[in-house]
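Architecture at a glance
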Amino acid sequence: MMSDENGFFEKVYRVTCMIPPGRVSTYGAIARFLGSSRSARMVGWALNNCHSMGEFIPAHRVVNRNGILTGKHHFGTPNAMKQLLENENIKVVDDRVVDFRKLLWDPCREL
DNA sequence: GGTGTGACAATGG
DNA sequence: GCCATTGCCACAC
């Protein structure tokens, strides 16, 4: 009960929505911001359920540590994620975010 | 209540 | 420096 808003998933959704446009974040960074630096995998899983939220989650701004669009296949179409990233003025080449290091948005650092 | 999983990350060879 | 393996923690069945 009422664990929905306090659940790990809800936190992931909220932080993911907090990612400013034109920026990208990593699963580990989000997980660490949530207090569970080792639950990076849970972050991806949470986004996997994001389709059940009823609200759109900018999961396309979340990539792995290498800046690779690991979950692009889960967007319905592998091109959707890249298209969304390009829509944010983010360059994506070979399923990798260009200047990912500069575009990296760390909640623990920026906040 | 236990088992399996999963869009990662870190470590070792 | 790259490839393979382990750890990991929260959620679904």
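You'll find the structure just up there.
Residues numbered from 1 in each chain as written. Chains lettered and ligands numbered in written order. Predicted model: local features only at pLDDT ≥ 70, side-chain atom pairs only at ≥ 80, totals over all residues. Heavy atoms only, no water.

1. Topic: the pattern of salt bridges
Scanning the entire structure with this criterion turns up 4 salt bridges. Here aspartate 99 and lysine 102 are joined by a salt bridge, their closest N and O atoms 3.8 Å apart. When its relative accessible area of 43% is taken as the criterion, aspartate 99 is described as partly exposed. (Salt bridge = Lys/Arg side-chain N within 4 Å of Asp/Glu carboxyl O. Buried < 20%, exposed > 50% of the residue type's maximum accessible area, 1.4 Å probe, protein only.)

2. Some thoughts on the state of the cysteines
Going through the model one piece at a time under the given rule, you end up with 0 disulfides. With no disulfide of its own, cysteine 50 lies closest to cysteine 17 among cysteine sulfurs, the gap being 9.3 Å. Exposure remark for cysteine 50: the relative accessible area of 7% places this residue in the buried category. In this structure cysteine 108 is a free cysteine whose sulfur lies 19 Å from that of cysteine 17, the closest cysteine sulfur available. (Disulfide = S-S within 2.5 Å.)

3. Things to note about the nonpolar core
If you look at the biggest cluster of nonpolar residues, it comprises 16 residues, and the most contacted ones within it are Val12, Ile30, Val43, Leu47 and Val62. Counting residues per element, the ones that place at least two in this core are helix 1 (8–18), helix 2 (27–33) and helix 3 (40–49). Ignoring any residue separated from it by four or fewer positions in sequence, one finds leucine 47 in contact with Val12, Tyr13, Thr16, Tyr27, Ile57, Ala59 and Val62. Among the nonpolar cores identified, the runner-up in size contains 11 residues, and Val24, Val63, Met81 and Phe100 belong to it. (Core = buried A, V, L, I, M, F, W, Y, C linked by side-chain atoms within 4.5 Å. Helix = DSSP H or I, 4+ residues; strand = E, 2+ residues; numbered from the N terminus. Contact = heavy atoms within 4.5 Å.)

Function cannot be inferred from these measures alone, as they are strictly geometric.
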